[in-house]
Structures are given as structure tokens and as C-alpha cells.
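# Structural characterization, general
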Amino acid sequence: MTGLIDTHAHLDEMEDLAAAVGKAGLAGVAGIIAVGQDLNSNTRNLEMSASYPGYVYPALGLHPWAISRLDEAQLEQNIGFISDNLHRAIALGEVGLDYDKRVLKTAGRDIQKEVLRRLLALALRHDKPVSLHSRYAWKDALQEVINAGITKLVFHWYTGFSSTLTELIEAGYYISATPAAEYHDEHRRAIREVPLDRLLLETDCPVYYGREQRYRSQPSDVVRSLQATAAIKGIPEEEAATFTTANACRLFGLPVNP
Ligand SMILES: [Zn+2]
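To start, this report covers the structure provided alongside it. What you see is a predicted model; the values in this text were computed from it and never measured. (Residues numbered from 1 in each chain as written. Predicted model: local features only at pLDDT ≥ 70, side-chain atom pairs only at ≥ 80, totals over all residues. Heavy atoms only, no water.)

What follows deals with the pairing of strand β7 (residues 174–177). The alternating pattern of β7 places Tyr-174 and Ser-176 and Ile-175 and Ala-177 on opposite faces, both of which are buried. Relative to β7, strand β6 (residues 153–155) is paired through two bridges, and the arrangement is parallel. Each bridged residue has a counterpart across the sheet, and for Phe-155 the counterpart in β7 is Ile-175. Between the parallel elements β6 and β7, the chain passes through helix α8 (residues 162–170) in a crossover that is right-handed. For the crossover from β7 across helix α9 (residues 185–193) to strand β8 (residues 199–201), the handedness is right-handed. (Buried < 20%, exposed > 50% of the residue type's maximum accessible area, 1.4 Å probe, protein only. Helix = DSSP H or I, 4+ residues; strand = E, 2+ residues; numbered from the N terminus. Pairing = 2+ DSSP bridges. Right-handed = clockwise from strand over helix to strand, strands pointing away.)

Okay, structure coming up:
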């Protein structure tokens, strides 16, 4: 079967990186995009990708959840690091907006948007695709990335409105499926509605998934994203693998058939 790409993994949070990468290889994972959320994880991502060349691809980002932890000098340091090192990364991410009440309490919409605009400008300058977080902020996030002139982007783990999904597809963007595709209604609807040529796979590991039985995910669980996606689309797993890997290679500029 075509090798799978985990297009959104927090590899710096793996308890045992070597074991996780080894297990992913055995499960048929052909590549992992390691997204970053702050200075520490961005630094780690660059190191890890050097240990697994052609397998772990680093992305550099600043997560909306991280903003409230930073004072002004640290914020500048974080953005400066991305600006200085984005040429070494495959993508900008994880960046975005999060309108969950608990997040808004510590980092309001205005500061989130301001940070996102500065980061998107860096993606444009370096001609890098973007891995976007958009929880409860789907419409604003779409408006921001369109206004910024971004053309290569994935709304990761999309669970938003069907109307916004239609608009983001028209704008040329992608969405990605996580293992929550096994049970989460809004996520399943988005996967059902998105055209096959705009769908990627991911894990967002080490996120915990499962309704009855909770488990801490790792990149090998992208197989679960694939199986759930194939079932939702009513196509063989091989076909879903071929499409999603080709899409990932196209969006992130990976070698074809990695
Ligand atoms: Zn993430």
C-alpha cells in the first residue's frame, strides 16, 4: 500500500521518539510533519528532523495557546526565530486562531489575529505552506488567510461549518482527518463533504482519542485516520491512501511516493 503521511504531529511531545518513529515505519507511515508551537518545540523539531532526514519534516509555528504564556520580549523572540529559520522548515505551523472560551480569557481575538498576520506574512515571504489551527474560529481564520494572500494551506482537524468548508475548498485549501474520524460527528461530516483531492491524514499526536477506550496517540495511529476516512468515503483503503499521500506531497512539496 502507498505509504501514509502524518501531516500534523507534535513529535516533541512523544515519550519515546525512537520507538514512536520505529512503530510508524512498521505501520506504513512514509513521512511525518512535526509541527511546532513555541520556541522550544520549534528548536526540537529542527533537531529531530536532522536525526530522521527524509522521514521527519519540521514545521515551525506559534500556537494560539502559547501566546498567553509569553511576555512581549518572548513573543518577539518566538516570531524572530521563525523568521530566521523558516527557510529550514517544510511549512509554517502550527499557527492559527482559537476562540474556545478558556483560550480567549488569556489571549483575546485581537492579539491572536495580530500574531497570526505576522506569521502568515513570514509564510508568504518564504513561500511555505501553512498548517492552521481554527477551533471555533473557522470563519475568521478563513478570512485571515485569504486576506493574507495565502494559497497553500490545510485547516487541520477541521470540524467547522459546511458553508465555511465550501469556501475554503473554493479558495484552494485542504483539510486533514484525525483518528477522531472514527466517532466525532462534525469531523465525519467534513470528511464526507470534502473532495478527495483536498483531504490529508494526520494524528495531532499525542492527543488522546477514543470514546469508550481512551488512548494516547502517536504517528502510527494515522492508520486509524486512513481506515475511518476510507469507510466514510466508501472507498478502499488503498485508494484513500493514494489520494491523501499524493495530496500531502503536493501541498508540502514532498518527494512523490516518499
Ligand atoms: Zn496540533
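Resuming the write-up.
Let us look at the pattern of salt bridges. Under the criterion given, the structure shown has twelve salt bridges. A salt bridge links Asp-98 to Arg-135; its shortest N-O distance comes to 3.0 Å. Here Asp-98 is found in the loop between β4 (91–96) and α5 (101–106), whereas its partner Arg-135 is found in the loop between β5 (130–133) and α7 (138–147), with 37 residues between them in sequence. Among the salt bridges present, the one from Lys-152 reaches Asp-127, with a minimum N-O distance of 3.1 Å. Residue Lys-152 is located in the loop between α7 and β6, and its partner Asp-127 is located in the loop between α6 (109–126) and β5; the two are separated by 25 residues in the primary sequence. A relative accessible area of 27% means that Lys-152 is categorised as partly exposed. A network of salt bridges, in which partner residues are shared, links Asp-98, Asp-100, Arg-102 and Arg-135. (Salt bridge = Lys/Arg side-chain N within 4 Å of Asp/Glu carboxyl O.)

With 14 residues, helix α4 (residues 72–85) should reach 20 Å at 1.5 Å per residue; the first-to-last C-alpha distance of 20 Å fits that figure. Three or more residues of α4 are buried, namely Leu-75, Asn-78, Ile-79, Phe-81, Ile-82 and Asn-85. Down the axis of α4, the smallest arc covering the buried residues is 150°, so these residues share one side. Pointing more than 90 degrees away from the buried face of α4 are the exposed residues Glu-72, Ala-73 and Asp-84. Where α4 is buried, its residues touch α2 (39–51), β3 (56–60), β4 and α6. Residue Asp-71 occupies the N-cap position of α4, its side-chain oxygen lying 3.1 Å from the main-chain nitrogen of Ala-73. (Expected span 1.5 Å × (residues − 1). Arc of directions from axis to C-beta. Contact = heavy atoms within 4.5 Å. Polar contact = N/O pair within 3.5 Å; in protein donor to acceptor, adjacent residues only side chain to side chain.)

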